[in-house]
Amino acid sequence: MIRERYDSETKLSWVLAALAGLLAATAFTHSEGYFVTFMTGNAGRAVLGVFTGNQWLSISAAALLVSFLAGVVTAALCHRRLWPERPHGALTLTAGALIAATLVDWLWEGGPELPLPLLPILLVAFGVGALNTTFVRDGEVSIPLSYVTGTVVKLGQGIERHINGGTAQDWLGYFLLLAGYMLGAVIGGFISAVTGGTWMLAIASVVCVLATLYTYRYVYRRGLWK
């Protein structure tokens, strides 16, 4: 049923949502609790840190928000000018950001010591912002990979439609997108239990490179992307 009902773009989004969840776990579990996918939280922290007397909270949250935004803008510009209709382009930016984060942490920020400092996490946030532009239709993002709040809202609306005469197809796709993200977070959590710091960034980089190659070879070369 899933194979027949959902196109290659939708199924790929579940895989990449898992990648977003893995990146969220990479940043959160081995840092001071930085969010690289939860911009609602960063926006709130950027403001509330001022009122709680925690200036670093405000500064770091604002920096993460700006870095994420820079990733979106950069990838969107590249989509428009360099790689229209090519889903692997944004992933290439994400992979590059993760590799840069690994090198920065290893060479300038003390290596595998914990917690991870802010600078490599900013690069991860940039990469997540770029990742969210993978699926673009008419100049707008059609499937936001790390925007879990929106996914849950659409999931709830789909469940309501099913209750009132619809089918499971009204909510199943959103559920699988959410499940993909959470599965990625679970995998990241298990990885964080056995390694951390630079090594976890390196593992995330390898996973992202593999996802990029998969996207290019399976989706783009075979002409499944529309």
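As annotated in an unreviewed UniProt entry, the chain carries the name YoaK family protein and comes from [Mycobacterium] zoologicum.

Novice: Could you give an account of the UniProt feature "transmembrane region" (unreviewed entry) in the chain, with specific residues and numbers?
Specialist: Mapped onto the present numbering, the UniProt feature "transmembrane region" (unreviewed entry) falls at residues 55-78, 90-108, 114-136, 171-191 and 197-216. Helix makes up 95% of residues 90-108 and strand makes up 0%, while its end C-alpha atoms are separated by 26 Å. In residues 171-191, helix accounts for 95% and strand for 0%; the two terminal C-alpha atoms are 30 Å from one another.

Novice: Explain the side chain of S146 to me, using residue names and the numbers behind them.
Specialist: Residue position: S146 is located in the loop between β2 (140-141) and α7 (148-163). Polar side-chain contacts of S146 include one of 2.9 Å to the side chain of N132. Those residues in contact with S146, other than ones at most four positions away along the chain, are A20, T37, F68, V128, N132 and Y181.

Novice: Tell me about the confidence of the model for the chain, residues and numbers included.
Specialist: The pLDDT averaged across the chain works out to 85; a share of 88% of its residues lies at or above 70. When pLDDT is averaged over each element of the chain, α7 comes out on top at 94 and helix α1 (residues 2-5) at the bottom at 59.

Novice: I'd love a proper account of the packing of helix α4 (residues 55-81) against helix α6 (residues 118-131), names of residues and values included.
Specialist: Closest axis-to-axis distance for the α4/α6 pair is 7 Å, and the angle between their directions is 35 degrees. Like other packed secondary-structure pairs, α4 and α6 cross with a definite hand, here right-handed. Contact residues: W56, S60, A63, L64, S67, F68, A70, G71, V72, T74 and A75 in α4; L118, I121, L122, L123, A125, F126, V128, G129 and A130 in α6. When its residues are assigned to classes, the contact of α4 with α6 shows 15 nonpolar, five polar and no charged.

Novice: Hey, could you go over the nonpolar core for me, with residue numbers and the actual values?
Specialist: For soluble globular proteins, nonpolar side chains are generally found buried alongside one another. Of all hydrophobic cores here, the largest spans 40 residues; its most connected members are L16, L19, L23, V36, L64, I121 and V124. Contributing elements (two or more residues each) for this core: α2 (8-29), α4, α5 (88-107), α6, α8 (172-194) and α9 (198-220). The biggest single contributor to this core is α2, with 10 residues. Not counting chain neighbours up to four residues away, the residues in contact with L16 comprise L91, L131, T134, F135, L145, A211 and T215.

Reading guide: rules and limits
Just so you know, the residues in each chain are numbered from 1, in the order the chain's sequence is written. Where totals are concerned, whole chains, interfaces and linings use all residues; where local detail is concerned, this predicted model gives features only for residues with pLDDT of at least 70, and gives and counts side-chain atom pairs only at 80 or more. In computing side-chain properties, one takes all heavy atoms of the structure into account and sets aside hydrogens as well as water. UniProt positions are given in the numbering used here, feature names are shortened, and annotations may be inferred rather than shown by experiment. The helix and strand labels rest on DSSP assignments: H or I over at least four residues marks a helix, E over at least two residues marks a strand, and numbering proceeds from the N terminus. By the criterion applied in these results, polar contacts are pairs of N or O atoms within 3.5 Å in which, for protein atoms, one can donate a hydrogen and the other can accept it, and in which residues neighboring in sequence qualify only through two side-chain atoms. Any two residues whose heavy atoms approach within 4.5 Å are treated as being in contact. Known as pLDDT, the predictor's per-residue confidence is scaled from 0 to 100. Orientation is described by lines fitted to C-alpha atoms, with helices fitted over the stretch in contact, and by angles between N-to-C directions that extend from 0 to 180 degrees. The hand of a helix crossing depends on one turn: near helix anticlockwise from the far one by less than a right angle means left-handed, and clockwise means right-handed. Classes in brief: Ala, Val, Leu, Ile, Met, Phe, Trp, Tyr, Cys and Pro nonpolar; Asp, Glu, Lys and Arg charged; the others, Gly included, polar. By nonpolar core is meant a set of buried Ala, Val, Leu, Ile, Met, Phe, Trp, Tyr and Cys residues that side-chain atoms within 4.5 Å join together. Burial here depends on accessible area, computed with a 1.4 Å probe over protein chains only, as a share of the maximum for the residue type. Under 20% is buried, over 50% is exposed, and the range in between is partly exposed.

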